[in-house]
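# Analysis of the macromolecular model
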Amino acid sequence: MLHAKIHNDHLLLEQIAQRNELAFKTLFDAYKDRLYHYIHGIIKSKEVAEEIVMDVFLKLWLGKELVNQIENIDAFLFRVAYNKSVD
């Protein structure tokens, strides 16, 4: 099961690097709630947590070169979320 998820995440990242909006939406839908709750736990502000979630995904969408270097999307998203939360 874990191997299938990793494989699926890598396929999504490849498609996102090619600007596939459906792949991006799929990844967004898969992670947005978890990221929101994680960030909200750090900063305790609903509005700011929502904004940071959007910032995290914007970084992913705009960073085409970056997308190809991501090995673990889960770790990447939560690290970026943490860094933006403590800034």
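## Things to note about the packing of aromatic side chains
Applying the stated criterion across every chain yields a total of four aromatic pairs. Look at F24 and F57: their rings are 6.1 Å apart centre to centre, the planes differ by 90°, and that puts the pair in the edge-to-face class. In this pair, F24 sits in helix α2 (residues 21–43) while F57 sits in helix α3 (residues 46–62), placing the two residues 33 residues apart along the sequence. The buried category is assigned to F24, whose relative accessible area is 17%. Through a chain of ring-to-ring contacts, the aromatic side chains of F24, F28, F57 and W61 assemble into a single cluster.

## A closer look at the pattern of salt bridges
Following the criterion strictly, the structure yields three salt bridges and no others. Between K32 and D29 there is a salt bridge whose closest N-O contact spans 3.9 Å. Of this pair, K32 and D29 both sit in helix α2, three residues apart, which is roughly one turn of the helix. Across the salt bridge formed by D74 and R34, the nearest N and O atoms sit 2.9 Å from each other. Remark: R34 occurs in helix α2 and D74 occurs in helix α5 (residues 73–86); sequence separation between them is 40 residues. The network of salt bridges with shared partners includes K25, D29 and K32.

## Observations regarding the packing of α2 against α5
Following both chains from N to C, one finds α2 and α5 inclined at 35°, their axes separated by 10 Å at the closest point. Where α2 crosses over α5, the handedness of that crossing is right-handed. When α2 is examined against α5, the residues L27, Y31, R34, L35, Y38, I39, I42 and I43 are found in contact with a partner set consisting of I73, D74, L77, F78, A81, Y82 and S85. Class assignment of the residues belonging to the contact of α2 with α5 gives a composition of twelve nonpolar, one polar and two charged.

What counts and how
- Residues numbered from 1 in each chain as written.
- Predicted model: local features only at pLDDT ≥ 70, side-chain atom pairs only at ≥ 80, totals over all residues.
- Heavy atoms only, no water.
- Phe/Tyr/Trp six-rings, centres within 6.5 Å; stacked < 30°, edge-to-face > 60°.
- Helix = DSSP H or I, 4+ residues; strand = E, 2+ residues; numbered from the N terminus.
- Buried < 20%, exposed > 50% of the residue type's maximum accessible area, 1.4 Å probe, protein only.
- Salt bridge = Lys/Arg side-chain N within 4 Å of Asp/Glu carboxyl O.
- Axes fitted to C-alpha atoms, helices over the stretch in contact; angles between N-to-C directions.
- Left-handed = near helix turned anticlockwise from the far one by under 90°.
- Contact = heavy atoms within 4.5 Å.
- Nonpolar A, V, L, I, M, F, W, Y, C, P; charged D, E, K, R; others polar.

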